[in-house]
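# Survey of secondary and tertiary structure
Now for the letters of each chain:
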Amino acid sequence: RLESIHQELQRCWKSAVGAKIANHSRVVQLRNRTLDVAVDDAVWKSQLEQLQQHIVERVRSVSGVAEIQRVTFRVSPPRIKPQVAQAPLFGADEAD
């Protein structure tokens, strides 16, 4: 059941908080009625902490997970995906 709740929270996070916030934050886990959320940097952490109660209410409403009592935010920058080597746009003789 806990895994399905976690999946539901991840699935509905964007709907609950909006695209702008969701692009800078990720649901990590639900533990002891606290939703742990990773954010990109300290600025986002500070901003979202000010909205904590509103976010709790929205996540409860959208997800149907009533046992959430609070949300905590921690800075955890997103992992950068490895870049795939691309062929140059021009061959060596075409660049001149």
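My aim in this report is to walk through the structure given alongside it, one point at a time.

Cut-off values and rules
Residues numbered from 1 in each chain as written. Predicted model: local features only at pLDDT ≥ 70, side-chain atom pairs only at ≥ 80, totals over all residues. Heavy atoms only, no water. Helix = DSSP H or I, 4+ residues; strand = E, 2+ residues; numbered from the N terminus. Expected span 1.5 Å × (residues − 1). Buried < 20%, exposed > 50% of the residue type's maximum accessible area, 1.4 Å probe, protein only. Arc of directions from axis to C-beta. Pairing = 2+ DSSP bridges. Axes fitted to C-alpha atoms, helices over the stretch in contact; angles between N-to-C directions. Contact = heavy atoms within 4.5 Å.

Further remarks concern helix 4 (residues 52-63). In this model helix 4 runs 16 Å from its N-terminal to its C-terminal C-alpha over twelve residues, within 8% of the 16 Å that 1.5 Å per residue would give. Of the positions making up helix 4, those classed as buried are Gln52, Ile55, Val56, Val59 and Ser63. Across the axial projection of helix 4, the buried residues extend over an arc of 105°, all falling on one side. Just beyond helix 4, the residue with positive phi is Gly64, at close to 80°.

Strand pairing within a sheet occurs via backbone hydrogen bonds; the two strands may be parallel or antiparallel. Taken in spatial order, the three strands line up as 1-2-3 in an open sheet, and their pairing is mixed. The open sheet has two edge strands with one neighbour each: strand 1 (25-31) and strand 3 (70-75). Taking the axes of each pair of neighbouring strands and ignoring which way they run, one obtains an average angle of 25° across the sheet. Where strand 1 and strand 2 (residues 34-39) come together, six bridges link them in antiparallel fashion. For Arg31, the partnering residue across the bridge sits in strand 2 and is Thr34. Sheet contacts for helix 3 (residues 42-50): strand 1, strand 2 and strand 3; angle to strand 3, the most-contacted strand, approximately 165°. Strands in contact with helix 4 are strand 2 and strand 3; relative to strand 3, the strand with the most contacts, it is inclined by about 115°.

Bear in mind that shape data such as this cannot, by itself, settle questions of function.
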